[in-house]
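# Structure at a glance
Letter by letter, the chains look like this.
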Amino acid sequence: MTIDKQLVWVRDGTEGFVLARLQDLMGEEADVIPLDNRHQRRVAAFDDIFPAGDPAKEVDDNCELMFLNEATLLNNILNRYKKNKIYTYVANILLAVNPYTDIPDMYSSSTIKKYQGRSLGELPPHVFAIADKAFRDMKALKQSQSIIVSGESGAGKTESTKYILKYLCDLWAQAAGPIEQKILDANPILEAFGNAKTTRNNNSSRFGKFMEVHFNNKYHVAGGHISHYLLEKSRICLQGPEERNYHVFYLLCAGAPQELRAALKITKPDDYLYLKNGCTQYFTSPQSEKKISASQKSKEQQTKGGLRDPILDDVEDFQRLHQALSRVGLSDDEKRGVYSVVAAVLHLGNVAFEEEGGARGGCHVAPNSEPALATAAALLGVDPGELRMALVSRLMQSSRGGMKGTAIMVPLKTYEANNARDALAKAIYSRLFDFIVHRINSSIPFQTSSYYIGVLDIAGFEYFQMNSFEQFCINYCNEKLQQFFNERILKNEQELYKREGLNVPEIRYVDNQDCIDLIESKNHGIFHILDEESKLPKPDFEHFTLSVHKELGGNSPNARIQVARTSRLKAHRALRDHEGFLLRHFAGAVCYSTSQFIEKNNDALHASLEFLVQESNSSLVQQLFQNTDNNNAKGKLNFISVGSKFQTQLTQLMGKLKENGTNFVRCIKPNSRMVGGVIEGSLVLTQLQCSGTASVLALMEHGYPSRAPFAELHALYKDLLPARLQHLTAKLFCQAIVHSFGLSDKDYKFGVTRVFFRPGKYSEFDTIMRSDPEGLKAIVESVLAWLVKARWRRSIFTALSVIKLKNKILYRQRCLIKIQNSIRGYLVRRRHQPRYRGIAKIKTLEHNLQDMETVTAQLKKEKENAKKNIENLRNSIRSACAAIKSNPNISRTEIDQLYTKLTKDVETQMSALKKAMADQKNSEEQERLRKLEAEMRAAEEAKKLEQERLRQEEENRRLKAEMEARRKAEEAERIRQEEQDRAAALKLQQQLQDAARADEENRERLEQERRDHEMAVRLARETNGHVEGSPPQLRSFPTMDSMNGENKLNRSERVRMQQAMQGKQKYDLSKWKYSELRDTINTSCDIELLEACRHEFHRRLKVYHAWKAKNARKTTMAEQERAPQSIMDAAKTPRLPQKGDVLGARHRYFRIPFVRAGGGGGAEERRGWWYAHFDGQYVARQMELHPDKTPVLLQAGVDDMQMCELSLDETGLTRKRGAEILEHEFEREWAQHNGPPYRPPHSRANRA
Ligand SMILES: Nc1ncnc2c1ncn2[C@@H]1O[C@H](COP(=O)(O)OP(=O)(O)OP(=O)(O)O)[C@@H](O)[C@H]1O
Ligand SMILES: [Mg+2]
């Protein structure tokens, strides 16, 4: 197939999409050749091929592209990124690709100013534009706004958040003074305590936050608030090899002044268990590196040097932190307290335990850890002994054998003590973080707030090879955010289109409610199952995992929860069913290992530890633990899990988001190496898909992302236009300006309350509106022109409406006249109705007169009389009508009387006529019936005859079938008989041969004897001797040769005849004369004798004819035929007479074709029929019919010589299919040719 070799994008594993040309279409797939020959030619499904448009083109708003699809979106982003354009819109959503380098002037104050008050799309895409839009929306819609910044780790969420806050504070916070700084100061503090170096991001936020900037009714910054979520606690005790603990630990090691470090006994990262397993390098710059002494540096730092990051410097950052803490209102003591707690965590981590021998099986603090224990205790303000005690044993309340509440110290095993220590460290640190956030919040002065803009910076959808509780929580949060995104962008948008009457096709999107239910459902969600497991006496993660599979899993491949074995990833398949599960999130399947789920879901401390820290001397530590959830006091069954706390927080957050207007910033990580200028297509594509941006494209393909209420547009632009235009109503104003712009109809739509624009069109419009006075003049002119046109259209419409109205009035007039007519008619009708109805009624009687006339015409008698009567009646009807007509005052009763009288007369006359007619008809009817009967009788007769004929035919058919059956049986019998005969003949031949041989031997013997005798006689004669006995007699036996004489029946025939005659030997007919035989046949009543005679008679005939034939001249042969040749031929096959033939003699009739050669030696043949009637074995009557020859009819006993001499068997007729016919068929032909009646053999007169 040849096709237009269109330029397309084809999905590619590494590039995301590659440019190619369509080569061939193959059903569901296509053959494509990439333009770049580094890529292979391939066959791809059509789902993976997209039209390319102009691949070099890049646009600010992706919706402006000719083709909206994943591929063009990716290409647009890549093209722009290469030109340092990191921001792109997809309608109102901002896509931000992390540049990893500073782009000059990107975030400068002048840029901030540029974006102020400018609508989206007017200037190149920017995060500031989103911030400004949020601000303007807040003002215009009088509604708080949220900016949701999402993306994967390292995509630039936190940086974007910072720029947004900067923008908001820079422009509108001056009046509020220090608030701005406080809000901005929050970041270095939060990052020091909540960020860490990970493999994906040097400054990865390990918590989520929602930062609110509040505004008063004058839209000035009036306060701020930070909510934080899900601080990653596991990092406090353990990090991956390339990763670090929270920055603050390194800030303290690298940046804290010597005096402070000495007081806190802080040395270098290598010295702490909680740091040394991860990366121990500091972030430094060449300058700051110099400020760190060797004793502060880890081995790794000394060998490899410092880590470099444009925004991170552990030395500098300590200073920044220190100052920021001051600015948010922490006193020096408080700051010292904070550093002490941070240091205490490090020292606590160094407390190691050793197993204790003995029966109790507990453990104790390792001797070399004592200093660490002491330092930690000192820094936390607790007694080292108590700390030691609380770490190695657990306080339990006994419920038996004493008063409830009796405390028992249960010793812990080494691993339990390690867990207790880590739990304490995590609790201290996470509460410190809470404390810090709390302090930041309380430091921001808060005036009455009318609205706020909240910026959400929370980790995006996360998936590692193995994932734990943290990922589970963050992915749950992302499911919720995705649902929110779908609802806000897709669902709400579509609802708005519907409400406003815009005809936009519906877009389908993936609804992930089922996945959310699976996680959070109150009675069977994963969180619920996990909490239930924690409440068991011995919680077990394997049991929890199996419960998840049992309650939520399914066998279907579409089930959201699956066993890890079903994963496409090989590594997951090693995970056994009770060790984890696979959850199919909206963005893809994530494999969770559940081994830590129970511990991570419960952040409660042992009671002993909790009591210990609550009793601390340090006011900060005491403060940290004063608002505890106190799960210990609540008991196991009522404890509040981490999961449920997070759920509550998330519900609150979603509540806020739902109330607010929303703006989305989707951050994208360009490469996994964290370097600028490099962008990996497939990585970007995956992020676009996960963020739901692709679905938005589908909506925007048909949607109108920009819109403005009429009133808003009016308010916005009225001042730009001359006074005469300002007074127009809001809607007319909008219509006038939009229509007069000459935008294509497709670019905008008027809804019920607002005007909608296609992507980019609103900004186009806005730009023109704000153009220079010259441009504006042109606009005003075109608006005026539009208004004139619109008014002209309106006046034309008015004129048309007036004409329409006039027509309507005329129409109604016509209708009135019609009504008047009807009423008048009605009144007149009502007055004269009885008379004309009467006349009409009477006139109807004339029909009766006509009927009567018709009847009269049929009458045969009394015709004239009747006619006269009718005429009289007609006259009276006429006079009655005349009377009514001429008398307007005649009453209804009088009319009725007249009518009744006339009716009666008519009826009387009619009945008289009818009677006469009936009589006449009666007699006619009788005549008709008589005829009918006769006809029926005749028909019956015919029917009977027909039935008889059918019966006869049926009978014939039956007889024929019987005949055929008989023929077949006989045929079978014949074959069997022949078989027997053959055997008998063979046997006989054998006998004859034996006999002949015996004869020969005998003859030879006798001959010998005779010769011997003769010799003896001769000798005796010579010697006058004596010879005894007489000479042997030679018996005469016919030789074989003599037996085969041609004119004799052959030997076997004779043997057969002899055998046949064996039973009939009482009649030796061989001596009878021919005439005797014939006479006996014709007269005898002895059937057996008769049959024997017939046999003998015919045997002789046969011999005769055989002979005759032998001697006849060939030419005359034909004339001598007594039966058709086929019969004569059949007879040549010798046969034994059938047994029982004598007694079972039957009449049988045959007919076969007879071809006789024409006379006079002519070659022509005469075709005819040969008929035969056999009464027993021999023919009784025979008939030969030729079309042009006189029929030859012959009878046995009369014409024997000319008749067929063969027995029925010999003729073979019974074996000929269709030869036998029915008696009546033969008789019909016989009678037709005047044949004399049949006579049975014994009654045949001797006429020969
Ligand atoms: N607009 C930007 N200009 C220059 N560099 C940037 C920009 N945005 C991000 N970066 C760089 O990318 C790094 C990571 O960004 P950021 O910390 O904001 O990612 P994140 O999305 O918050 O990741 P995480 O989820 O791990 O917190 C920053 O440290 C910075 O070096
Ligand atoms: Mg971050």
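Structural notes, computed from the coordinates.

Rules used in this analysis
- Residues numbered from 1 in each chain as written.
- Chains lettered and ligands numbered in written order.
- Predicted model: local features only at pLDDT ≥ 70, side-chain atom pairs only at ≥ 80, totals over all residues.
- Heavy atoms only, no water.
- Axes fitted to C-alpha atoms, helices over the stretch in contact; angles between N-to-C directions.
- Helix = DSSP H or I, 4+ residues; strand = E, 2+ residues; numbered from the N terminus.
- Parallel < 35°, antiparallel > 145°, perpendicular 65-115°, else oblique.
- Left-handed = near helix turned anticlockwise from the far one by under 90°.
- Contact = heavy atoms within 4.5 Å.
- Donors = N, O, S within 2.8 Å, 3.2 Å for Na, K, Ca; no water.
- Buried < 20%, exposed > 50% of the residue type's maximum accessible area, 1.4 Å probe, protein only.
- Pairing = 2+ DSSP bridges.
- Near = heavy atom within 4 Å.
- Polar contact = N/O pair within 3.5 Å; in protein donor to acceptor, adjacent residues only side chain to side chain.
- Areas by Shrake-Rupley, 256 points an atom, 1.4 Å probe, with all protein chains shown as cover.
- Nonpolar A, V, L, I, M, F, W, Y, C, P; charged D, E, K, R; others polar.
- Core = buried A, V, L, I, M, F, W, Y, C linked by side-chain atoms within 4.5 Å.

## Overview of the packing of helix H13 (residues 332-349) against helix H14 (residues 370-380)
Where H13 contacts H14, the axes come no closer than 8 Å and their chain directions differ by 155 degrees. With respect to H14, the element H13 is oriented roughly antiparallel. Considering how the two elements wind past one another, H13 and H14 form a crossing that is left-handed. In contact with Ser340, Ala343, Ala344, His347 and Leu348 of H13, H14 contributes Ala372, Thr375, Ala376, Leu379 and Leu380.

## Remarks on the coordination of the magnesium ion (ligand 2)
Within the protein, Thr158 (OG1) and Ser205 (OG) serve as the donor atoms for the magnesium ion (ligand 2), at 1.9 to 2.0 Å. With Thr158 in helix H4 (residues 157-172) and Ser205 in strand S10 (residues 204-205), this residue pair connects regions lying 47 residues apart in the sequence. The buried category is assigned to Thr158, whose relative accessible area is 9%. Since its relative accessible area comes to 15%, Ser205 is described here as buried.

## Concerning helix H32 (residues 761-769)
Every buried residue of H32 is listed here: Lys761, Tyr762, Ser763, Phe765, Asp766 and Met769. Against strand S22 (706-709), helix H29 (710-717), helix H31 (730-740), strand S24 (754-757) and helix H33 (773-858) lie the buried residues of H32.

## A closer look at the sheet that holds strand S1 (residues 7-12)
Strand order in the open sheet formed by 5 strands is S4-S3-S2-S1-S5, and the pairing between neighbours is antiparallel. Strands at the two margins of the open sheet, each flanked by one partner only, are strand S4 (42-45) and strand S5 (49-51). The sheet shows a mean angle of 50 degrees between the axes of neighbouring strands, direction not considered. In the sheet, strand S3 (residues 29-34) pairs with S4 via 4 bridges, with the strands oriented antiparallel. Looking at S4, one finds that Glu29 is bridged to Ala45. The strands touched by helix H27 (residues 681-690) are S1 and strand S2 (16-26); relative to S2, the strand with the most contacts, the crossing angle is about 85 degrees.

## With respect to the pairing of strand S19 (residues 580-585)
For a regular strand, side chains alternate in direction, first toward one face of the sheet and then toward the other. The buried fraction of S19 is high, at 5 of 6 residues. Strand direction decides the pairing type here: strand S18 (residues 561-562) and S19, joined by 2 bridges, are antiparallel. Opposite Gln562, over in S19, you have Leu582 as the bridge partner. Summarising the sheet, S19 and strand S20 (residues 588-593) pair through 6 bridges and their orientation is antiparallel. Paired with Leu582 across the bridge in S20 is Cys591. Where S19 folds back on S20, the antiparallel hairpin that results is connected by 2 residues.

## A closer look at the sheet that holds S20
Consider a sheet: its strands pair through backbone hydrogen bonds, and that pairing is either parallel or antiparallel. Taken in spatial order, the 3 strands make up an open sheet running S18-S19-S20, and their pairing is antiparallel. The strands lining the two open edges of the sheet, one partner per strand, are S18 and S20.

## Topic: the site of ligand 1
Inspection of the region around ligand 1 gives 19 residues, with Asn98, Ser153, Lys157, Thr158 and Ser204 positioned closest. In the model, an oxygen atom of ligand 1 is placed 2.5 Å from a nitrogen or oxygen of the Ser153 side chain. In the model, an oxygen atom of ligand 1 is placed 2.7 Å from a nitrogen or oxygen of the Lys157 side chain. Burial of ligand 1 by the surrounding chains reaches 96%, relative to a free accessible area of 620 Å². Listing elements by their share of the shell around ligand 1, those giving two or more residues are H4 and S10. With 4 residues, the single largest contributor to the shell around ligand 1 is H4. In the shell around ligand 1, the residues fall into 6 nonpolar, 10 polar and 3 charged.

## Observations concerning the nonpolar core
Phe193, Phe249, Leu252, Leu387, Leu432, Phe472 and Leu583 are the most contacted members of the largest nonpolar core, which has 198 residues in total. Here this core gets 13 residues from one element, more than from any other, and that element is helix H16 (residues 414-443). In contact with Leu387, other than residues within four places in its own chain, are Leu348, Leu373, Ala376, Ala377, Val382, Leu424 and Leu612. The next biggest cluster of nonpolar side chains, apart from the first, holds 28 residues, and it includes Leu725, Leu732, Val780 and Ala790.

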